[in-house]
Amino acid sequence: MEQNVKQVTALKKEKLKKINALGINPYPTNCQRTHEIVELINNEEKYLADKQFVQITGRLTAMRRQGKIGFAVLTDSTAKIQIFVKKDGVGEENYEVFKLCDLGDFAQIDGICFMTERGQYSVLAQKVTILGKGIRPIPVVKEKEVDGQKVRYDEFTDIELRYRKRYLDLLLNPENKATFIKRSEIITFTRNYLNDQGFIEVETPTLQPLYGGANARPFMTHHNTLGTDLYLRIATELYLKRLIVGGFEKVYEIGKNFRNEGMDRTHNPEFTSIELYQAYSDLDGMMHLTEELFSQASLLVNGTTTIPFGDHEIELKTPWRRATMLELIQEHTGEDFSDFDFERLSAYCTKNHIEIPNGAGAGKLVAQIFERFVEDKLIQPTFVTDHPKEISPLAKGKPGHPELTERFEIFIATNEYANAFTELNDPIDQRERLEAQAKLKELGDQEANMVDEDFLEAMEYGMPPTGGLGIGIDRMIMLLTNNTSIKEVILFPTMKPE
RNA sequence: GCAUCUGUAGCUCAGUUUGGCAGAGCAGCUGACUCUUAAUCAGCGGGUCUAGGGUUCGAGUCCCUACAGGUGUACCA
């Protein structure tokens, strides 16, 4: 399998020797660039009229040589343009250099813009300079216009190769590169939006002595000097709340979380989230923020709030539907479980083959029934509110409803995108909730929270009423770029070693 | 984790049904070509058919196991 590559590489190394023999360094330390290619493309008439000397740099992505002339295409990150090289134009010696160029090599072209006899806007080369020579055969994608439609030949489509060799994917599949540009734009937009509202961006520890803020199994590592085990964070929540205690009123963090769980089209072991906390705000404030972030980000990268996603058409225009978990269960099962009757709930679960975990109470069963019968019905954006207290150990209770909390999750196209609470700020209640989690952990729930004494101590000093929101950034980007696999929006997704 | 599909040249793929010389296009190499644009024309080279085992006179093809990936599903955001 590698043998042929070795042969081609050997041939290319021979070319390197020939280039060196001409007294030319194929990896020069500098180059001259007067224009990005897009500038020449966007101002064609000006550059044709001026006959201005230009120096452009990029990768050679097509090559059509014919005797003493040759055409090539030079591509930089902004655009691509045809290059016309004549032996008469660049001189015998430099034409030899051009002949030693291969597809995929980086080059600098000095010349002037002109129109070929066939009417193709091009740069007429006066000099070809090699800037970086490749020694491995690069896959070539060819393109042809048929009736205005671009038809592509020999595309680089092997999914495994695209993920493992992402640089080739970016190089050969412009539409995939565009996804990552949109990713950057969406994250930049989110930062600007929050900064404009007075939020400050912070960084909290990725390595933590205790993990918490979500229900998940962690990755563990070890610090040699301290002689102690540390966890990679599963959420940023508990540290950001310490900052609210410390007097910051609006904070957010965008960063990686790590969860030692299964991988599928919506889960990668490391993923990017944004969590934000706003003192003196509440659930309504967080709903408004969520709607605005998604709909405005969509306008930014799609120009509309009506977007395709998989088989669905999603309308992100605000306001989004709001419904409680119990209402939705009733809507889709006809059952009213608002009395939280454990016997009825467990009988219903048994009848419908829903697992009843060890130590589960009525609240957990309500959540299980919701997952089983409601989640996959939620296509258009829906704020699901009023989650059971039992599965929401960090959310404030709902006044007048001892079993419920002030919480929402946003579902779009059956997937969860965000999770928010009116944050619990009662230190005594918080301790009881975490101790209940610890009991679940003893009963075998590997994803239950731990009792974080330092976090509880912080809350005991007093914490203001606060709204908190977490959004799965990767999923948000999937939605806004119509990608149904998380691997398509993560540059280097986790893969098993080859 | 379970189920299922896939793995053939650098890339994209035929060939697997019904076992019988390892194929094509692009890319590469040699030659021709001063207006091509999937350039064209002539010729050449390139393979551990993912890996290992089995059945068979004979396996890319049939059987078993492993590895990697896709999809579905479980847990989860």
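As the structure is a prediction and not an experimental result, all values here were calculated from the model.

Trainee: Where do I start with the overall build of chain A in this structure?
Mentor: Scanning chain A from N- to C-terminus turns up 16 helices and 22 strands. For 498 residues, the compact-globule formula gives about 23 Å, and the C-alpha radius of gyration of chain A, at 29 Å, lies well above that figure. By its C-alpha atoms, chain A is 90 × 55 × 45 Å across when sized along the principal axes. Across the 498 residues that make up chain A, the buried fraction comes to 48%. Carbon and sulfur atoms form 50% of the exposed surface of chain A, whose accessible area is close to 24900 Å².

Trainee: Please explain the sheet that holds strand 13 (residues 270-279) as it appears in this structure.
Mentor: The strand order across the open sheet built from eight strands is 8-12-13-22-21-20-17-16, with neighbouring strands paired in mixed fashion. A strand with exactly one partner marks an edge of an open sheet, and here the two such strands are strand 8 (200-201) and strand 16 (321-324). Sheet topology note: the strand 16/strand 17 (residues 382-385) ladder contains four bridges and is parallel. When the sheet's bridge partners are listed, A323 is paired in strand 17 with V384. Set on the sheet, helix 11 (residues 325-333) makes contact with strand 16 and strand 17; between it and strand 16 the angle comes to about 90°.

Trainee: Can you walk me through the sheet that holds strand 11 (residues 228-232) in this structure?
Mentor: On the basis of which strands lie adjacent, the open sheet formed by three strands has the order 9-11-10 and antiparallel pairing. Both outer strands of the open sheet, strand 9 (207-208) and strand 10 (220-223), are each paired with one neighbouring strand and no more. Of the strand pairs in this sheet, strand 10 and strand 11 are connected by four bridges, and their pairing is antiparallel. In the sheet register, M220 faces strand 11, and the bridge partner there is Y231.

Trainee: Whenever I open this one, the environment of H288 confuses me. Can you help?
Mentor: Relative to the helices and strands, H288 is located in helix 10 (residues 283-302). Between the C-alpha atom of H288 and that of W320, which follows or precedes it by 32 residues, the distance is 9.3 Å.

Trainee: I would appreciate a short explanation of the domain arrangement of chain A in the present structure.
Mentor: Size of an interface, as often reported, equals the accessible area lost when the parts are brought together. Taken domain by domain, chain A consists of domain 1 (2-132), domain 2 (147-172) and domain 3 (176-320 + 380-488). Its C-alpha centre places domain 1 at a distance of 23 Å from the equivalent point of domain 2.

Trainee: Explanation requested: helix 9 (residues 237-245) in the structure shown.
Mentor: For an α-helix, 3.6 residues make a turn, and residues three or four places apart therefore share a direction. Within helix 9, seven of the nine residues are buried, leaving the element largely enclosed by the surrounding structure. Two residues or fewer after helix 9 comes G247, characterised by a positive phi angle close to 110°.

Trainee: How should I be thinking about the nonpolar core in this particular structure?
Mentor: In globular proteins that are soluble, nonpolar side chains generally tend to be buried together. Counting 42 residues, the largest nonpolar core has L289, I412, L469 and L479 as its most contacted members. The biggest single contributor to this core is helix 10, with eight residues. In terms of nonpolar packing, the next biggest core, distinct from the first, is built from 27 residues, I19, I83, F98 and I109 among them.

Trainee: Explain the pattern of salt bridges here, please?
Mentor: Close approach of charged atoms allows side chains with opposite charge to pair. Counted according to the given criterion, the structure contains 35 salt bridges. One salt bridge connects R33 with D76, and the closest N-O pair in it is separated by 3.1 Å. Here the residue R33 occupies a position in the loop between helix 1 (3-21) and helix 2 (37-42), and D76 occupies one in the loop between strand 2 (69-75) and strand 3 (80-86), the gap between them amounting to 43 residues. Residue D454 pairs with R242 through a salt bridge whose shortest N-O separation is 2.9 Å. Note that D454 is positioned in helix 15 (residues 453-460) and R242 in helix 9, a separation of 212 residues in sequence. Judged by its relative accessible area of 15%, R242 is buried. Taken together, the salt bridges that share partners define one network made up of K80, E143, K150, R152, E155 and E175.

Trainee: Help me understand the layout of surface pockets in this model?
Mentor: If a probe the size of a water molecule is rolled over the atoms, the empty space left behind becomes visible. Reported here for the second largest pocket is a volume of approximately 1500 Å³. As for the second largest pocket, its lining consists of 40 residues, and the residues nearest its centre are T61, V73, T75, K80 and E143. Among the elements of the structure, strand 1 (53-66), strand 2, strand 3, strand 6 (142-146), strand 7 (149-153), helix 7 (166-172) and helix 8 (174-196) are those that each provide at least two residues to the lining of the second largest pocket. Per-element tally for the lining of the second largest pocket: the top contributor is strand 1, with seven residues.

Trainee: How should unusual backbone geometry be read in this particular structure?
Mentor: Following T318, the chain continues into P319 via a peptide bond in cis, with omega recorded as 0°. Within the secondary structure layout, P319 lies in the loop between strand 15 (312-315) and strand 16. The phi torsion at H353 lies on the positive side, around 60°, for a residue other than glycine. Within the fold, H353 resides in the loop between helix 12 (342-351) and helix 13 (362-373). For H353, a relative accessible area of 73% puts it in the exposed group. Phi angles above zero are rare outside glycine, and T414 is one such case at about 70°. Taking the relative accessible area as the measure of exposure, T414 reaches 25% and is therefore partly exposed.

Rules used throughout
Residues numbered from 1 in each chain as written. Chains lettered and ligands numbered in written order. Predicted model: local features only at pLDDT ≥ 70, side-chain atom pairs only at ≥ 80, totals over all residues. Heavy atoms only, no water. Helix = DSSP H or I, 4+ residues; strand = E, 2+ residues; numbered from the N terminus. Rg over C-alpha atoms; globule rule 2.2 N^0.38 Å. Buried < 20%, exposed > 50% of the residue type's maximum accessible area, 1.4 Å probe, protein only. Areas by Shrake-Rupley, 256 points an atom, 1.4 Å probe, with all protein chains shown as cover. Pairing = 2+ DSSP bridges. Contact = heavy atoms within 4.5 Å. Axes fitted to C-alpha atoms, helices over the stretch in contact; angles between N-to-C directions. Domains from an automatic or database assignment. Core = buried A, V, L, I, M, F, W, Y, C linked by side-chain atoms within 4.5 Å. Salt bridge = Lys/Arg side-chain N within 4 Å of Asp/Glu carboxyl O. 1 Å grid on protein atoms, 1.4 Å probe; cavity = no way out; pocket = protein on both sides within 12 Å on 5 of 7 lines; lining within 4 Å. Points joined across faces, edges and corners; volume = space filled by probe spheres on them.

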